[in-house]
Amino acid sequence: MDIKNLITFIHVAELRSFTKAGDKLGFSQPTVSFQIKQLEDELDCLLFERINHTISLTDKGHELVSYAHRIRA
């Protein structure tokens, strides 16, 4: 698991936006989407529910936020 992807995940979760997270991190939105997709593939689960242009954390996403904050600390 790549720490860079976890940090990106934390920003997306907190900002509830792939675009805003990318802006904050200096990444393009497609790069952020790719990093999240890598995490989802690695963990074999969806981390975000994507409905229209809104996102929310899944149950697994909530679990990962807690884990990611501990790793980052």
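Preceding this paragraph is the structure being described.
These numbers come from a predicted model, not from an experiment.

A.B. asks: Help me out: how do you make sense of helix 3 (residues 29-43) in this one?
C.D. replies: An α-helical turn contains 3.6 residues, so any two residues separated by three or four positions project in the same direction. Its 15 residues give helix 3 an end-to-end C-alpha distance of 21 Å, which sits within 8% of 21 Å, the value for a rise of 1.5 Å per residue. When helix 3 is considered as a whole, its buried residues turn out to be V32, Q35, I36, L39 and E40. Burial along helix 3 is one-sided: seen end-on, the buried residues are contained in an arc of 135°. Exposed side of helix 3, more than 90 degrees from the buried face: P30 and F34 are the residues found there. Against the buried residues of helix 3 lie helix 1 (3-15), helix 2 (18-25), strand 1 (48-51) and helix 4 (59-72). Directly after helix 3, the chain includes D44, whose backbone phi takes a positive value near 55°.

A.B. asks: When you look at the packing of aromatic side chains in this model, what are you seeing that I'm missing?
C.D. replies: What describes a pair of aromatic rings is the distance from one ring centre to the other and the angle between the planes of the rings. All chains considered together, the criterion is met by two aromatic pairs. On the basis of an interplanar angle of 55° and a centroid distance of 5.4 Å, the ring pair of F9 and F48 is categorised as tilted. Separated by 39 residues along the polypeptide, F9 in helix 1 and F48 in strand 1 bring together distant segments of the chain. Here the two residues F9 and F48 agree in accessibility, since each one is buried. Site record: aromatic cluster; members linked through ring pairs are F9, F18 and F48.

Rules used throughout
- Residues numbered from 1 in each chain as written.
- Predicted model: local features only at pLDDT ≥ 70, side-chain atom pairs only at ≥ 80, totals over all residues.
- Heavy atoms only, no water.
- Helix = DSSP H or I, 4+ residues; strand = E, 2+ residues; numbered from the N terminus.
- Expected span 1.5 Å × (residues − 1).
- Buried < 20%, exposed > 50% of the residue type's maximum accessible area, 1.4 Å probe, protein only.
- Arc of directions from axis to C-beta.
- Contact = heavy atoms within 4.5 Å.
- Phe/Tyr/Trp six-rings, centres within 6.5 Å; stacked < 30°, edge-to-face > 60°.

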